[in-house]
Amino acid sequence: TEVWQVEKLNNMSTTVPNAQCAAQSVGDFSSMVNMLLQTLLTAQCAISPPELWPPDYAESALKHGLEEYDFVVIGAGSAGSVVASRLSENPNWKVLVLEAGGDPPQESEVPAMMYSAQHTNATWNYFTEYSDKSCWAYNERRCYWPRGKMIGGTGGINVMIYVRGNRKDYDRWAHDGNRGWGWDDVLPYFERSVRPVGNQTHPRGYVTINTFPVNDLDVEQMIYAGAAELDIPRVLSIGDGSAMGYTNLPGTIANGRRMSTGKTYLSSVSKRPNLDVLKNAHVTKMNFDESGKNVRSVSFVLQDKYEMKVHVGKELVLSAGTIESPKLLMLSGVGPAQHLTNLHIPVIHDLPVGENLQDHVNIITFIKLNELRAKPWTTQQSLDATYNYLIHQRGPLASQGTGSLAGYVNTLKNGPYPDVSFHHFIFRRGDFGGLQSFLNGLTFTEHFKSQLNKVLETADILGMMNVLSYPKSKGTIRLRSADYRAPPLLTPNYFSEPEDIATLIRAMRYQAQLLNTTAYKEMTATLLRPSIDECDAHKFQSDEYWRCYIKYFSTTTYHLTGTVKMTPETDETGCVDPRLLLDGCGNVRVADASIMPLIPSANTNAATIMIAEKAADFIKEDWQHDEDDDFSSEEVEGGGEGGAWYFGS
């Protein structure tokens, strides 16, 4: 009998024999097997090697200190990576990026493992405050709000979907007084970010977009056919031309790998001599001058032990995200005066920082498919999938299943824009690992996990995220204490506006119609009814039942926005002006999803990149008068010595 020992290697399980086989090899085959094992391990290490990411400037900073930088960018996420890349195109400007995390783990790079980096040191592991209206299906009845803490930020843990939104999304911004932010204004920046080749007047972009591999064709065909029976069309794309319908959304992927802006914008140009990146640098405070009009330096803790400071020559760009940006502003004395005073933080600017928190709340439902007919997922398939991915970057691990298939629907049928969207995740019979990754990521209680695992023994499960496109409810972010290490108080206020629940109940009604289509019936699609005493007291699928169900199975779609709101200067509900300058401050610009005055109907990563592109232009325009700052984009098009590479479609 062979003895096998399971060893942990690089956070992945590898089965290695520690005894000789009963049937001996005379040499050649043993050498072949050893070569295979070494090849697999080498391929695993090549998923996220250090050379794929910007070099860390920490050693030099600790040895020689930090000089003054023209621009300091806080955060190397979806927005910060873009801003730093664009500003460092000018070889006369010195740019420093401060990122609280390090390089992304291997799990971040593998598309199918998007939930595996959660609850680790690669994420900010935040939880919402308790509510009597939402999040009851999860541990402690609080929703888990992870944010990326790595090069690439939350773009390193998201679903990789790239979708711009529609004309209404941005024309609403302009209508509220944000001049220059209508659809026709922002469209050129969306287009710039994906432009593969640039020139003197039209710079190239670095966003890499491709279609996801389709590995679950039977389920996708069912979804498309069911929607067609309800007269919801299949469309080529979602945007200004067609805001509604079902489609396979593209994603920021290439060759089986995630393509965050931390890789495409920042790493690709990281050898520019005027660009430095400090990793594991947790910013603790922005230090204003005596007038409070300008930030002169930034304090941060490097590697959890070295307290350091860097001086800002021209501008500070805050791109820490919808949670961390308002948190840092409040820690620095910018926020609601009474809240800061209560925490004994000197008030520098009294602004509604942390207000206007918005999110696409969604209701997760589960549909049972092909009970007793579905083929069980086997260990052999898991091994094959791992091999196929490591050697060929193909197979189930190279995509996120049906995750790219989305439907945009107007449940009122009263206009050309959606009020809900639907996203789909398939779990194959017996694939308990995949289901557990999803359920653990969202922190489902054991009560519900056990029920779903039981169903997966005999059937496939299609998880549906029923997403509210335009939420009316708004929440807040507040400091828990003046200690920078303390997690903030996150209060989403889901369903504080009754209209949100009414819209989602209509989404449930639409889902019931889908289940009655021929396409869904052919796969014996059945809505799962989890055991909840409180909800079971109501008639199944009645409005009262759904109100109860929504209280339990509501959660985030990870699209947090709005906490450093952009408004015209005359609007007292805002924090930054339409050029993204912090109110009352001349050299602080905020560039991330926190500035969105109203959440767009789509996934927010594409819009965040667009915001960063516009912010970089604002900065260049405002500082173009500097002598010796004239330069040609051709000087840096190749990224200097490092080169700027592109992963094509």
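Residues numbered from 1 in each chain as written. Predicted model: local features only at pLDDT ≥ 70, side-chain atom pairs only at ≥ 80, totals over all residues. Heavy atoms only, no water.

Engineer: Can you tell me about the environment of Ile595, naming the residues and giving the values?
Structural biologist: Tracing the backbone shows Ile595 in the loop between strand S24 (588-590) and helix H18 (605-622). Along the backbone, Ile595 and Ser325 are 270 residues apart, and their C-alpha atoms lie at a distance of 9.8 Å. Among residues more than four places away in sequence, those in contact with Ile595 are Val564, Lys565, Met566, Val576, Leu580, Val590 and Ile611. (Helix = DSSP H or I, 4+ residues; strand = E, 2+ residues; numbered from the N terminus. Contact = heavy atoms within 4.5 Å.)

Engineer: Explain the packing of helix H14 (residues 498-515) against helix H17 (residues 543-553) to me, using residue names and the numbers behind them.
Structural biologist: Their axes nearest at 10 Å, the elements H14 and H17 cross at an angle of 110 degrees. In terms of their interaxial angle, H14 and H17 are classed as roughly perpendicular. You can see that H14 and H17 cross each other, and the crossing is right-handed. Contacts between H14 and H17 involve Ile501, Leu504, Ile505, Met508, Arg509 and Gln511 on the former and, on the latter, Asp543, Trp546, Arg547 and Ile550. When grouped by side-chain class, the residues that make up the contact of H14 with H17 number six nonpolar, one polar and three charged. (Axes fitted to C-alpha atoms, helices over the stretch in contact; angles between N-to-C directions. Parallel < 35°, antiparallel > 145°, perpendicular 65-115°, else oblique. Left-handed = near helix turned anticlockwise from the far one by under 90°. Nonpolar A, V, L, I, M, F, W, Y, C, P; charged D, E, K, R; others polar.)

Engineer: I'd love a proper account of the UniProt feature "binding site: FAD" (unreviewed entry) in the chain, names of residues and values included.
Structural biologist: Sites flagged by UniProt as "binding site: FAD" (unreviewed entry) map to Thr154 and Val283. Among the secondary structure elements, Thr154 is positioned in the loop between strand S6 (144-148) and helix H5 (167-175). Since its relative accessible area comes to 23%, Thr154 is described here as partly exposed. In this structure Thr154 touches Arg147 and Gly148, once residues within four positions along its chain are discounted. Reaching out from Thr154, the side chain makes a polar contact with the backbone nitrogen of Gly148 at a distance of 2.9 Å. Mapped onto the secondary structure, Val283 falls in strand S11 (residues 281-288). When sequence neighbours within four positions are dropped, the list of residues in contact with Val283 reads Ile74, Leu98, Val298, Ser299, Phe300 and Leu328. (UniProt positions renumbered as here; feature names shortened; annotations may be inferred. Buried < 20%, exposed > 50% of the residue type's maximum accessible area, 1.4 Å probe, protein only. Polar contact = N/O pair within 3.5 Å; in protein donor to acceptor, adjacent residues only side chain to side chain.)

Engineer: Break down the state of the cysteines for me, citing the residues and quoting the values.
Structural biologist: Taken as a whole and assessed by the stated rule, the structure comprises two disulfides. Linked covalently through their sulfurs, Cys135 and Cys143 form a disulfide whose S-S length is 2.1 Å. Where Cys135 bonds to Cys143 through sulfur, the torsion about that S-S bond is close to -100 degrees, and the disulfide is left-handed. Exposure class is identical for Cys135 and Cys143. Each is buried. (Disulfide = S-S within 2.5 Å.)

Engineer: I'd like a description of the pairing of strand S3 (residues 69-74), backed by residues and values.
Structural biologist: With six of its six residues buried, S3 lies for the most part within the structure. Relative to strand S13 (residues 306-318), S3 runs parallel, the two sharing five bridges. Residue Ile74 lies in a different strand from S13, and its bridge partner there is Leu318. Here S3 pairs with strand S4 (residues 95-98) via four bridges, running parallel. Following the sheet pairing, Val72 is matched in S4 by Leu96. Crossover S3 to S4 through helix H3 (residues 80-87) is right-handed. (Pairing = 2+ DSSP bridges. Right-handed = clockwise from strand over helix to strand, strands pointing away.)

Engineer: Go over the pairing of strand S12 (residues 295-302) with me, naming the residues and quoting the values.
Structural biologist: The element S12 is largely enclosed, with a buried count of seven among its eight residues. In this structure, S11 lies alongside S12, joined through seven bridges in antiparallel fashion. In the sheet register, Met286 faces S12, and the bridge partner there is Val298. Between S11 and S12, which pair antiparallel one after the other, the connecting turn spans six residues, and Gly292 there sits at a positive phi close to 80 degrees. Turn length for the S12-S13 hairpin, with the two strands adjacent in sequence and antiparallel, is three residues, and the turn residue Gln303 shows positive phi of about 55 degrees.

Engineer: Quick rundown of the packing of aromatic side chains? Include the residues and the values.
Structural biologist: The geometry of an aromatic ring pair comes down to the distance between the two centres and the angle between the two planes. One pass over the full model with this rule turns up 29 aromatic pairs. Ring plane angle 5 degrees and centroid distance 6.2 Å describe the contact between Trp124 and Tyr126, whose orientation is recorded as stacked. An angle of 75 degrees between the planes, with centres 6.4 Å apart, marks the rings of Phe448 and Tyr552 as edge-to-face. Of this pair, Phe448 sits in helix H13 (residues 446-456) while Tyr552 sits in helix H17, and the two are 104 residues apart along the sequence. Per residue, the accessibility class of Phe448 equals that of Tyr552, and both read buried. Three or more aromatic residues joined by ring pairs make a cluster, and in this case those are Tyr130, Trp136, Tyr138, Phe366, Phe444, Phe448, Phe540, Tyr545, Trp546, Tyr549, Tyr552 and Phe553. (Phe/Tyr/Trp six-rings, centres within 6.5 Å; stacked < 30°, edge-to-face > 60°.)

Engineer: Which residues make up H5, and what values go with them?
Structural biologist: Among the residues of H5, Asp169, Tyr170 and Trp173 are the ones counted as buried. Along H5, the residues classed as buried sweep out an arc of 75 degrees about the axis, all on the same side. Of the residues that open H5, the one with a side-chain oxygen 3.0 Å from the backbone nitrogen of Lys168 is Asn166. Residue Gly177 follows H5 closely and has a positive phi angle near 105 degrees. (Arc of directions from axis to C-beta.)

Engineer: Lay out unusual backbone geometry with the relevant residues and their values.
Structural biologist: Within the chain, Arg141 stands out as a residue other than glycine whose phi angle is a positive 55 degrees. Looking at the secondary structure, you find Arg141 in the loop between strand S5 (123-127) and S6. Exposure remark for Arg141: the relative accessible area of 32% places this residue in the partly exposed category. The phi dihedral of Asn255 falls on the positive side, at around 50 degrees, and the residue is not glycine. For Asn255, the position within the fold is in the loop between strand S8 (253-254) and strand S9 (257-258). Asn255 sits in the exposed class, given a relative accessible area of 56%.

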